[in-house]
Amino acid sequence: MSLTWNYPVTRRDESFVEELHGVKVADPYRWLENPDSEETKAFVDAQNALTGKYFESYPYREKFRETLTEIYDYEKYGCPHKHGNHYYYFYNTGLQPQSVLYQLKNSLDSPRDEFFNPNTLEADGTVALNTYSFSEHGKYFAYGISKSGSDWVTIHVRKTENDEQNKIPLDDVVEWVKFSSIEWTHDEAGFFYKRYPEPEKCGDKGTETDTNINASLCYHKLGTSQSDDILVYKDPNNPEYMYDPSISTDGRYIILKIEKDCYPVNKLWIFDLEKTNRRIIENLDFLKIVDNFDAQFDYITNDETTFYFKTNLNAPRYKIVKYDLTRPDDGFTEIIKEHPTDVLSFTYVIAQTNLVLTYMHDVKEKICIYTLSTGKHIKDLPIPIGSIDSITGKREDTEFFFKFVSFLNPGVIYRYDFTKEALSEYRATEVRGFNNDLFETKQVFVESKDKTKIPVFIISPKHIEYNGNTPTLLYGYGGFNISITPVFSTAWLNFIRHYNAVVAVANIRGGGEYGEEWHKAGMLHNKQNVFDDFQSVAKWLVDNKITCPKKLAINGGSNGGLLVGACINQAPELFGAAVADVGVMDMLRFHKFTIGHAWRSDYGDPDKKEDFEYIYKYSPLHNVQSTKPYPSVLLNTSDHDDRVVPLHSYKYIAQLQYVAKNNPNPLMIRIDTKAGHGAGKPTKKRIEEATDKYSFIALSLDAKWVD
């Protein structure tokens, strides 16, 4: 390809300058914030045309697509879960757009019946099951549907008796739901949900950029119109509050978590439904157990008036406490102390009295069983090194299922039977044509700029001999208390296999891998630690002769896209290619669109001078430089991403192409259609996106194809 990339001419409005905290800030591409303008649509078309032409120039693009499709085409099973008398599980034959929910009547040994198939809702598979909930006795199935990857959800209801008549949804339709669970009352008369006001300008759901505020906690009674739904709680004085309700195990109480942003703290309110004879009325008078934002409290279960919670109250790695409604002066009593090194991840109560906990130690997970009432340790389950993908089971069950995965294992579902105290393998996943004996995973600990040890997984061909020239992909996230645990990625494995390459996964600060202290060390005015950690890992890969800068690609999505954008501005010489997926790039305006206001807990508030001054120094959009050449850059975004709206990537690529117009390496953007932030993306789109991403990386690194 020519070094003259002939970027589309993108209009700059040099007159658009704002004064923020005494600083004049130019925003010449502000007009790209309007997704519906003809000028923005023309920008999208022109950029996609250029990028598509570049992808097509790669001679092994179809080879990558074919081999990725081949390895992706394996049976994918979810864990069975029981509701009423029947079991259910998700299954995908291999290349179906969306997984299908199947029903097993009365026993695990019954023949399966197709219960809910999202693939029948839209020919191209772009309608997905976003959330779902079975009623207490398994009579009803409420399901939330999202279209084109949008976070907006529409809830429908059907009966679970699986004849043709009952497969037809009931008349109940609940709209404008977002980031919500579906919580049934135990009488199966209706459910709680969280909704937002309908946006002022809303054509195609998911393309609008209106801020999501003024949430309401509502109750929908079956057989009624949404307009008749009961407003359970709303706080007009705090429009950014978000509501997460739970129904207690015995069905008597409503437990309400109130959150204001993404920081792991919440208010904790409880309402006793006996006060209203189990009727749901407007503006319930909740008992405010915790009415501040000092710690996080997640409801686990209750025995009458004694409630159990997972919390980080004076415990950054989390612990289990109980609270008795009849003895409020006792406060929270510790049941299971914070572990001295490991992070408590998930909690379940199975077979009435057993507390099943997952802990993370150096980004590797284990399952431990305790007695609920006393916190006495019973046993740890012997499982391989990797991640717990999911656990299914309820308090009334005598068994639970969990799915184990790793970088080289697509999934083994295990069953633990409390009546026999026996762990058994229920189902193992096999991938045709994939031999995991040819690969290996190692974990190393890399010293960051301030001497902090950063865990890094290295996935590579077995017995590879490093000469400092290996094509390598470095992946990271680093934010929002989110842990990046081992996962089976067909795209990564296809890249490793066909380029004799390496994938490195860096568990940098800002995540939750070591609890809340690890998170705090990478948020707010510590955010530069995240970028330093990532760059230190890149240098380590070079210093240890695994790769060299021209053979090193970096990738991250969402907050990880911000990571990529900041690092290529700060140290472009470290990388040969950079791919930022759905990244947060305009750090001065992120809080003005959709749910962005909730991210101020991690990033800070650009409307506050001290936060602005820190953010402004690393904001990708505002720190594009012209003194050093950039690596090859690809931004990925989607037209229906209403989480990190595409304007972030639009403005950033326009600025890159303007400031670094003579850059020797390409600066490009791929804008998908009928797709969102990532959830619900159909299989074909996932394969197409990965094919383009790795074609770009291979071209950029001059990686040689190996059959």
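Just so it is clear, the structure is predicted and the values come from calculations on it, not from any experiment.

In this structure, what is going on with the overall build of the protein chain? I would like to understand it.
For the protein chain, the helix and strand inventory stands at 10 helices and 39 strands. Considered along the principal axes of its C-alpha atoms, the protein chain spans approximately 75 × 55 × 55 Å. Burial status across the protein chain gives 61% buried among its 707 residues. A fraction of 59% describes how many contacts in the protein chain between residues 6 or more apart in sequence connect residues 24 or more apart. Counting only carbon and sulfur atoms, one obtains 46% of the accessible surface of the protein chain, whose full area is about 28,300 Å². Within the protein chain, the 100 negative side-chain charges are centred at a point lying 3 Å from the centre of the 81 positive side-chain charges.

What should I look at first to understand the UniProt feature "domain: Peptidase S9 prolyl oligopeptidase catalytic" (unreviewed entry) in the protein chain in this one?
Sequence positions flagged by UniProt for "domain: Peptidase S9 prolyl oligopeptidase catalytic" (unreviewed entry) are, in local numbering, residues 494-699. Taken end to end, residues 494-699 is 40% helix and 14% strand, and its two terminal C-alpha atoms sit 16 Å from one another.

Would you mind going over the environment of Ala 26 with me for this structure?
Note that Ala 26 resides in strand S2 (residues 23-26). Distance in space between the C-alpha atoms of Ala 26 and Tyr 650 is 16 Å, their sequence separation being 624 residues. Among residues more than four places away in sequence, those in contact with Ala 26 are Phe 16, Val 17 and His 622.

Sorry, what's going on with the sheet that holds strand S28 (residues 387-392) here?
Remark on secondary structure: sheet strands pair via backbone hydrogen bonds, oriented parallel or antiparallel. Ordered in space as S28-S29-S30-S31, the four strands form an open sheet in which the pairing is antiparallel. At either end of the open sheet lies a strand with only one pairing partner, and these are S28 and strand S31 (422-428). Averaged over all pairs of adjacent strands, the angle between strand axes in this sheet comes to 25 degrees, irrespective of strand direction. Inspection of the sheet shows strand S30 (residues 409-417) paired to S31 by six bridges, in the antiparallel sense. The partner of Ile 413 across the bridge, within S31, is Arg 427.

Teacher, can you tell me more about the pattern of salt bridges here?
It is possible for side chains of opposite charge to pair when their charged atoms get near one another. Tallied over the full model, the rule gives 46 salt bridges. With a shortest N-O distance of 3.6 Å, Glu 447 and Lys 451 are connected by a salt bridge. Overall, Glu 447 belongs to the partly exposed group, its relative accessible area being 42%. Its relative accessible area of 56% is what places Lys 451 among the exposed residues. Put simply, Arg 509 and Asp 450 hold a salt bridge, and the shortest N to O gap is 2.9 Å. One end of the pair, Arg 509, is in the loop between strand S35 (502-506) and helix H4 (516-520); the other, Asp 450, is in the loop between strand S32 (439-447) and strand S33 (453-461), and 59 residues separate them in sequence. On the accessibility criterion, Arg 509 (4% relative accessible area) is buried.

Before we go on, may I ask you to explain the pairing of strand S9 (residues 140-147) in this structure?
Along any regular strand, the residues point their side chains to alternate faces of the sheet. With seven of eight residues buried, S9 is to be regarded as a mostly interior element. As defined by bridge partners, strand S8 (residues 127-134) adjoins S9 across seven bridges and the pair is classed as antiparallel. Along S9, the bridge assignment pairs Thr 131 with Gly 144. Where S8 hands over to S9, the hairpin turn is made up of five residues, of which Gly 138 adopts a positive phi near 80 degrees. Across six bridges, the pairing between S9 and strand S10 (residues 153-159) is antiparallel. Note that in S10 the partner of Phe 141 across the bridge is Arg 158. Hairpin connection from S9 to S10: five residues lie between these consecutive antiparallel strands, with Ser 148 at a positive phi of about 55 degrees.

Mind showing me how you'd approach helix H6 (residues 559-570) here?
Because each turn of an α-helix spans 3.6 residues, side chains separated by three or four positions end up pointing in the same direction. Taking 1.5 Å of rise per residue, the 12 residues of H6 would be expected to cover 16 Å, and the 17 Å separating its terminal C-alpha atoms lies within 8% of that figure. For H6, the tally of buried residues reaches 11 of 12 residues, placing the bulk of the element in the interior. Turning to H6, its buried residues are Asn 559, Gly 560, Gly 561, Leu 562, Leu 563, Val 564, Gly 565, Ala 566, Cys 567, Ile 568 and Asn 569. Here the buried face of H6 lies against helix H5 (527-543), strand S36 (552-557), strand S37 (577-581), helix H7 (600-603), strand S38 (632-638) and helix H9 (647-659).

Each value, and the rule that gives it
- Residues numbered from 1 in each chain as written.
- Predicted model: local features only at pLDDT ≥ 70, side-chain atom pairs only at ≥ 80, totals over all residues.
- Heavy atoms only, no water.
- Helix = DSSP H or I, 4+ residues; strand = E, 2+ residues; numbered from the N terminus.
- Buried < 20%, exposed > 50% of the residue type's maximum accessible area, 1.4 Å probe, protein only.
- Contact = heavy atoms within 4.5 Å.
- Areas by Shrake-Rupley, 256 points an atom, 1.4 Å probe, with all protein chains shown as cover.
- Lys, Arg positive; Asp, Glu negative; His and termini not counted.
- Charge placed at Lys NZ, Arg CZ, Asp CG, Glu CD.
- UniProt positions renumbered as here; feature names shortened; annotations may be inferred.
- Pairing = 2+ DSSP bridges.
- Axes fitted to C-alpha atoms, helices over the stretch in contact; angles between N-to-C directions.
- Salt bridge = Lys/Arg side-chain N within 4 Å of Asp/Glu carboxyl O.
- Expected span 1.5 Å × (residues − 1).

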